[in-house]
Amino acid sequence: MAKPYTFSFSYSRWSDWSKCPAMFKYKYIDKVDTGPTPKAMLEGRKVHDDVAHYIEGKLPEMPDRLSKNFSKLGGELRQTYEIMKEGIVTVEKQMAFDREAKPVSWFGANAYTRFIWDVLVVDDDRIAGVETAAALDWKTGKPYGSYDDQMQIFSIPAFWTYPRLETFTGHLLYLDNGEDKEFEITREQFYTHVERTWVGNIRMMEADKSYQPTPSKDACRFCDFGPRKLGICPVGV
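This structure is a prediction, so every number in the text was calculated from the model and none was measured.

Peer 1: Any details on the overall build of the chain? Residues and values, ideally.
Peer 2: When you go through the chain residue by residue, the secondary structure sums to seven helices and six strands. In sequence order, the secondary structure elements of the chain are arranged as α-α-α-α-β-β-β-β-α-β-β-α-α. For 237 residues, the compact-globule estimate of 2.2 N^0.38 gives 18 Å, and the C-alpha radius of gyration of the chain, at 19 Å, lies within 12% of that figure. Residues counted as buried form 42% of the 237 residues belonging to the chain. For the chain, long-range pairs separated by at least 24 residues make up 58% of all intrachain contacts whose partners lie at least 6 apart in sequence. Carbon and sulfur atoms provide 52% of the accessible area of the chain, an area that totals close to 13400 Å². Computed over 32 positive and 35 negative side-chain charges, the inter-centroid distance for the chain is 6 Å.

Peer 1: Give me the lowdown on the sheet that holds strand 6 (residues 180-186), citing residues and values where you can.
Peer 2: One open sheet holds the six strands; their spatial order is 2-1-3-4-5-6, and the pairing between them is mixed. With partners counted over all chains shown, the strands left at the sheet margins are strand 2 (103-104) and strand 6, one partner each. Each of strand 1 (89-97), strand 3 (113-122), strand 4 (132-139), strand 5 (167-174) and strand 6 is contacted by helix 5 (residues 148-161), which is oriented at about 80° to strand 3, the strand it contacts most.

Peer 1: A description of helix 4 (residues 64-84) should follow, citing residues and the corresponding values.
Peer 2: The end-to-end C-alpha distance of helix 4, which contains 21 residues, comes to just 25 Å, noticeably less than the 30 Å that a straight helix rising 1.5 Å per residue would cover. Remark: the principal bend of helix 4, roughly 115°, maps to Phe70. Among the residues making up helix 4, those that are buried are Leu66, Phe70, Gly74, Leu77 and Tyr81.

Peer 1: Summarise unusual backbone geometry; cite the residues concerned and give the values.
Peer 2: Leaving glycine aside, a negative phi is the common case for residues, and trans is the common case for peptide bonds. Even without glycine at this site, Lys31 takes up a positive phi of about 55°. Here Lys31 falls in the partly exposed class, since its relative accessible area comes to 40%. The backbone of Ala101 shows a phi angle near 65°, a positive value even though the residue is not glycine. Mapped onto the elements, Ala101 comes out in the loop between strand 1 and strand 2.

Reading guide: rules and limits
- Residues numbered from 1 in each chain as written.
- Predicted model: local features only at pLDDT ≥ 70, side-chain atom pairs only at ≥ 80, totals over all residues.
- Heavy atoms only, no water.
- Helix = DSSP H or I, 4+ residues; strand = E, 2+ residues; numbered from the N terminus.
- Rg over C-alpha atoms; globule rule 2.2 N^0.38 Å.
- Buried < 20%, exposed > 50% of the residue type's maximum accessible area, 1.4 Å probe, protein only.
- Contact = heavy atoms within 4.5 Å.
- Areas by Shrake-Rupley, 256 points an atom, 1.4 Å probe, with all protein chains shown as cover.
- Lys, Arg positive; Asp, Glu negative; His and termini not counted.
- Charge placed at Lys NZ, Arg CZ, Asp CG, Glu CD.
- Pairing = 2+ DSSP bridges.
- Axes fitted to C-alpha atoms, helices over the stretch in contact; angles between N-to-C directions.
- Expected span 1.5 Å × (residues − 1).
- Bend = angle between axes of the 7 residues up to and from the residue.

Geometric values such as these leave the question of function open.
This is the structure in structure tokens:
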């Protein structure tokens, strides 16, 4: 029997809910079976796993998708990880927080927000000593739409974890074309704007109990629940 739905925030959940609350409901609350995982998604997961295993030293050879455009970066991350282990470079970093923005277990009952970075690089192996942090997100395929939300969400766990953090830098790295969408968020920007905005967005998302459909080309294009696929949702574009 599936566990009853309990609200928790993540970038992927926000992305679905902000496109269409009804789609979010079918996926996370009703847990509607949509059949086999799409091939493209499985491929993307394998690429991420291969890159992570290479940096951790579990794969002897650099994956082709990484060597194509980021061979130098991949080699540097692997070397630093080998020397420092978990201190400076962390792979597949999972972070969860309670309602008071205090760190908790990833699967803990009080986990209210969850975040994950493909790679995290900090300037000190002590939490209290970190003043700069950079997170990398490997992406397959071509850039699609805006990633402004992800860029801001990316910074939240960094400032909540490292009390002396001054600057957070994020990198959305496109493995196939070598593009690096870099952004920076300072301590002042985070505490005067980013945190306030996203705490409000999280509460707004949690408060929604109607989950009304908001059909659009962007939302319906990949939706499994509309008239073109499962037909659970009666509206669609």
